[in-house]
Amino acid sequence: METVKGYVEHIVFRNEDNGYTVFNLNNDDGDLTCVGNFNYLSEGELVEVNGEYVVHSVYGTQLRVLNYEIKAPEDLLSIERYLGSGAIKGVGASLAGRIVKKFREDTFRIIEEEPERLAEVRGISERMAREIAVQVEEKKDMRKAMIYLQKFGISTTLAAKIYQFYGPKTYQVLEGNPYQLADQIQGIGFKIADEIATKIGIHSDSDFRIRSGIFYTLQQSVAEGHVYLTKDVLLRRASALLEVEIKDIEKYLMDLSMEKKIVLKESEEGLRVYVSHFYYLELNTAKMLHDLNLEYEEANVVIEKKIHQIEKEAEMQLDEKQENAVMAAVRNGIMILTGGPGTGKTTTINAMIEYFHSENMEIMLAAPTGRAAKRMTEATGWEAQTIHRLLEVNGNPEEDENPNRNGFARNADNPLETDVIIIDEMSMVDLPLMNALLTAIVPGTRLILVGDCNQLPSVGPGSILKDLIASECFPVVMLTRIFRQAQESDIVVNAHKINRGEPVLLDNKSRDFFFLKRQDPNVIISVLLTLIQKKLPKYVNAKPYDIQVLTPMRKGLLGVERLNSILQEYLNPPEPGKAEKEYGDHKFRVGDKVMQIKNNYQLEWEITTKYGLTVDKGMGIFNGDMGIVTEINTYTETLEVEYDEKRKVKYPFELLEELELAYAITIHKSQGSEYPAVVIPLLSGPRQLFHRNLLYTAITRARKCVTIVGNDQTFQEMIRNTNEHNRNTSLAERIREFCG
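Residues numbered from 1 in each chain as written. Predicted model: local features only at pLDDT ≥ 70, side-chain atom pairs only at ≥ 80, totals over all residues. Heavy atoms only, no water.

## Focus on the packing of helix α1 (residues 76-83) against helix α2 (residues 93-103)
It is the contact of α1 with α2, at a shortest axis distance of 8 Å, that shows an interaxial angle of 140°. On the basis of their axis angle, the class for α1 and α2 is oblique. As for how α1 packs across α2, the hand of that crossing is right-handed. Here α1 contributes Leu76, Ile79, Glu80 and Leu83 to the contact with α2, which in turn contributes Ala93, Ala96, Gly97, Ile99 and Val100. Class assignment for the residues of the contact of α1 with α2 results in seven nonpolar, one polar and one charged. (Axes fitted to C-alpha atoms, helices over the stretch in contact; angles between N-to-C directions. Helix = DSSP H or I, 4+ residues; strand = E, 2+ residues; numbered from the N terminus. Parallel < 35°, antiparallel > 145°, perpendicular 65-115°, else oblique. Left-handed = near helix turned anticlockwise from the far one by under 90°. Contact = heavy atoms within 4.5 Å. Nonpolar A, V, L, I, M, F, W, Y, C, P; charged D, E, K, R; others polar.)

Structure below.
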């Protein structure tokens, strides 16, 4: 173990999330590169570090620091270097020299006890003297607070956020009511606050804990897709979470209601309890939909004449329902087009685009995911983009509390400048995104919403497409006829059979729909590997990377977690020189197929030429985006992923919790995506999960081939099971209230 003392000359790299730092240490022996985890460090600090020398293959000799101590400046040179390091705003090297020359060893005592005397130095006013004293004191306080917060297992970034928010009151807040942190600091939830409270010694039945636990339970239900819980369900769930019997829940609900955290609303099913934010999101969404739902006067004969002209020019033929859909889009501010695969939704969209284009109207196309937008572009020949990109994401919509901004550049103050907006894959759009979209649309703009209402609901809260249809306040055209070309595909035919609850013949005489009967999980996995590596790539003319395994569950013998670890070993095995990074239960390797599992609006991406020149860049990687690991850099502690359209993102290692392997993904996560071939392992599972909608969604993800490997009885039982998970939403009711 080596002990070295010196000044932090320059911080080369710092990961604020985990404190990993690379810096140059300077002392009488010269410069030394140090690497390690530091809770708090700034340039100019005098530090004593303990560690061991290592030789990096690229960067040479370094000291790997195992522990360290920040020292108070000991001599005049130390004091001068600290003050002039940039740690104190407004004090450069020359001014620091004048301060130390004037007050010598007494400098820090003067700053702390008689700061007004700093004005005796040329270039320092009385006001500046006070500011220097405040900064020196704050630095000292912050260092103490960071070390204090580390005792509770709080990361450097969160510790800095806490101190910036509370300042000197940090100790008082933590020891009085740490549950405040869950309400006021982004990144700290009930669980972390509860751990801190336990360490501090707060009782499990304290009012603070119960109130915070009830609110946390509501927030967790939002993560399941609900917009509210009934009081009885909330009481049962919160009691189970807190492991205490909650007496007089009305008292806590009234407290939370008075604090405007929740909204209470009576209904036929009992008292509904909403997180306030989501109650008002539903209300505002309903109001904006009502305001957009205008009627436009246009004679039938004129519209029909133009439709027939478009059919002739574009060499397309619309059936009666498709014509009705175009007419409804022309006549109404809001129109909903729904239908299963092969029913002509794309043809209908194209006819609408041609109609509005012939009227010289501006048209915008969008979809919830990059993959869905790409498919829309290919199908229409018009550029489509993600809804996030359409709205020009420029912050974090989940944190922005101003309803007019929503974290997007396009909003009520800066609306979208267009006449028509067509959104595809509407079943994936959740309540917050729908609200943000509507905020950026002015009345007079036509909004056409397209989707398949039999797909699974969005990952986020709400059930937008179903609620809009259920409200019966907007024109809806449901396409049901399967066109001749689509009838040749057993994927399409069987998807419709599943949707109608009819049994599917599994005789493997199809060209694009296969069922391989296997009962043993390990045999099923072996078959998956053979299909992905040998059989399917040639059959569908695709790379193994493009063939997607879809599974109903995360856990279990055929769950996402086990499948990914096995598939990774066979599809991207370790090799000498192939970089790896272990993070928690995951191991990432260059060449791995990965997925982003939460929205991150702050992540920067860029598209570069082969010479490294940036041609485009932007913000935001979203839940469900899939890419390939292209680089792992252990020196800068970053992992690079390349997404669709060659967008590259560098992830600090601390952010790897937002990534997971994606050789196999849940059916829910596959929504809005389409793959050349889909392989579905299927054995028995919980009835509430193994239902018709799940199977229907999985099968309709495939473009050229579906192969199901497993138990045929489970397959037929899923077709019969209509018991899908219902969401607690009230958007349809809110819309009807506005429609009168």
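Moving on from the model shown.
## Here's the deal with the pairing of strand β28 (residues 702-710)
Across the nine residues of β28, seven count as buried, placing the element largely inside the fold. Two elements, strand β15 (residues 513-517) and β28, share five bridges in a ladder whose sense is parallel. Its bridge partner being in β28, leucine 516 is matched across the sheet by valine 709. Taken together, the seven bridges between strand β27 (residues 675-682) and β28 define a ladder with parallel strand orientation. Opposite alanine 677, over in β28, you have cysteine 705 as the bridge partner. (Buried < 20%, exposed > 50% of the residue type's maximum accessible area, 1.4 Å probe, protein only. Pairing = 2+ DSSP bridges.)

## Remarks on the environment of glycine 559
Position of glycine 559 relative to the elements: it lies in the loop between β16 (547-551) and α23 (560-571). For glycine 559, a relative accessible area of 0% translates into the label buried. Linking glycine 559 and isoleucine 665, residues 106 residues apart in sequence, is a C-alpha distance of 8.7 Å. Dropping the residues within four chain positions of it, glycine 559 is found in contact with Thr551, Met553 and Arg554.

## A short note on the sheet that holds β15
Overall, parallel pairing links the five strands, which are arranged β15-β28-β27-β16-β26 in an open sheet. One side of each edge strand has no neighbouring strand; the edge strands of this open sheet are β15 and β26 (664-666). On average, each strand axis in the sheet is inclined to that of its neighbour by 25°, with strand direction left out of account. Helix α24 (residues 692-699) contacts β15, β16, β27 and β28 of the sheet and is inclined by roughly 130° relative to β28.

## Points about the domain arrangement of the chain
According to the domain assignment, the chain contains domain 1 (2-70), domain 2 (76-151), domain 3 (203-289), domain 4 (293-482), domain 5 (489-552 + 667-739) and domain 6 (576-660). On a C-alpha basis, the centres of domain 3 and domain 5 stand 35 Å from each other. Each partner contributes residues to the interface: domain 3 has 16 residues there, and domain 5 has 11 residues. Taken together, both faces of the contact between domain 3 and domain 5 bury some 1,200 Å²; the carbon and sulfur share is 57%. It is His226, Glu282 and Ala286 in domain 3 that bury the most area against domain 5; as a group they hold 35% of the surface buried on that side. Residue glutamate 733 is joined to arginine 272 by a salt bridge in which the shortest nitrogen-to-oxygen separation is 3.1 Å. (Domains from an automatic or database assignment. Buried area = accessible area lost by both parts, 1.4 Å probe. Salt bridge = Lys/Arg side-chain N within 4 Å of Asp/Glu carboxyl O.)

## Brief notes about helix α9 (residues 207-223)
Under the 1.5 Å per step criterion, the end-to-end length of α9 is 25 Å for 17 residues, consistent within 8% with the ideal 24 Å. Of all 17 residues that make up α9, 12 are buried, and the element is covered over most of its length. Buried within α9 are the following residues: Arg209, Ile210, Arg211, Ser212, Gly213, Ile214, Phe215, Tyr216, Thr217, Leu218, Ser221 and Val222. Following α9 by one or two positions, glycine 225 adopts a phi angle in the positive range, close to 110°. (Expected span 1.5 Å × (residues − 1).)

## Thoughts on helix α25 (residues 712-720)
Where α25 is concerned, the buried positions are Thr714, Phe715, Gln716, Met718 and Ile719. Its buried side turned inward, α25 meets α21 (490-500), β15, β27, α24 and β28. With a side-chain oxygen lying 2.7 Å from the backbone nitrogen of glutamine 713, the N-terminal cap of α25 falls on asparagine 711. (Polar contact = N/O pair within 3.5 Å; in protein donor to acceptor, adjacent residues only side chain to side chain.)

## Re the UniProt feature "binding site: ATP" (unreviewed entry) in the chain
Look at the UniProt record and you will see "binding site: ATP" (unreviewed entry) annotated at Gly342, Thr343, Gly344, Lys345 and Thr346. With respect to the helices, strands and loops of the structure, glycine 342 is situated in the loop between β9 (334-339) and α15 (345-358). With respect to the element layout, glycine 344 can be found in the loop between β9 and α15. A relative accessible area of 16% places glycine 344 in the buried class. (UniProt positions renumbered as here; feature names shortened; annotations may be inferred.)

## Digging into the nonpolar core
Ranked by internal contacts, the top residues of the largest apolar core, which has 68 residues, are Ile214, Ile246, Ile423, Met434, Leu447 and Leu468. It is helix α12 (residues 276-292) that contributes the most residues to this core, seven residues altogether. With near-sequence residues (within four places) excluded, isoleucine 214 lies in contact with Leu234, Ala238, Ile246, Ile249, Tyr252, Leu253 and Leu256. Of all hydrophobic cores here, the second largest spans 42 residues; its members include Ile607, Ile632, Val649 and Tyr651. (Core = buried A, V, L, I, M, F, W, Y, C linked by side-chain atoms within 4.5 Å.)

## Re the packing of aromatic side chains
Per the stated rule, a full pass over the model turns up 14 aromatic pairs. With centroids separated by 4.6 Å and ring planes inclined at 50°, the aromatic side chains of phenylalanine 38 and tyrosine 68 adopt a geometry described as tilted. Here the residue phenylalanine 38 occupies a position in the loop between β3 (30-37) and β4 (46-56), and tyrosine 68 occupies one in strand β5 (residues 60-71), the gap between them amounting to 30 residues. Both rings, one in tyrosine 279 and one in tyrosine 280, keep their centres 5.1 Å apart while their planes meet at 85°; by these two values the pair is edge-to-face. On the basis of relative accessible area, tyrosine 279 is assigned to the buried category, the value being 10%. The class of tyrosine 280 is partly exposed, set by a relative accessible area of 43%. Three or more aromatic residues joined by ring pairs make a cluster, and in this case those are Tyr228, Tyr274, Tyr279 and Tyr280. Of note, lysine 261 hangs over the ring of phenylalanine 215, and the distance from its end group to the ring centre comes to 5.5 Å. (Phe/Tyr/Trp six-rings, centres within 6.5 Å; stacked < 30°, edge-to-face > 60°. Lys NZ or Arg CZ within 6 Å of the ring centre and 35° of its normal.)

## A word on the sheet that holds strand β22 (residues 626-633)
In sheet architecture, strand pairing relies on hydrogen bonds along the backbone and comes in two forms, parallel and antiparallel. If you walk across this open sheet you meet the seven strands as β21-β20-β24-β23-β22-β19-β25, and the pairing is antiparallel. Two strands lie at the open edges of the sheet, namely β21 (614-621) and β25 (659-661), each paired on one side alone. Between one strand axis and the next, the sheet turns through 40° on average, direction left out of account. Relative to β21, strand β20 (residues 600-608) runs antiparallel, the two sharing six bridges. Bridging from a neighbouring strand, threonine 608 pairs with threonine 614 of β21.

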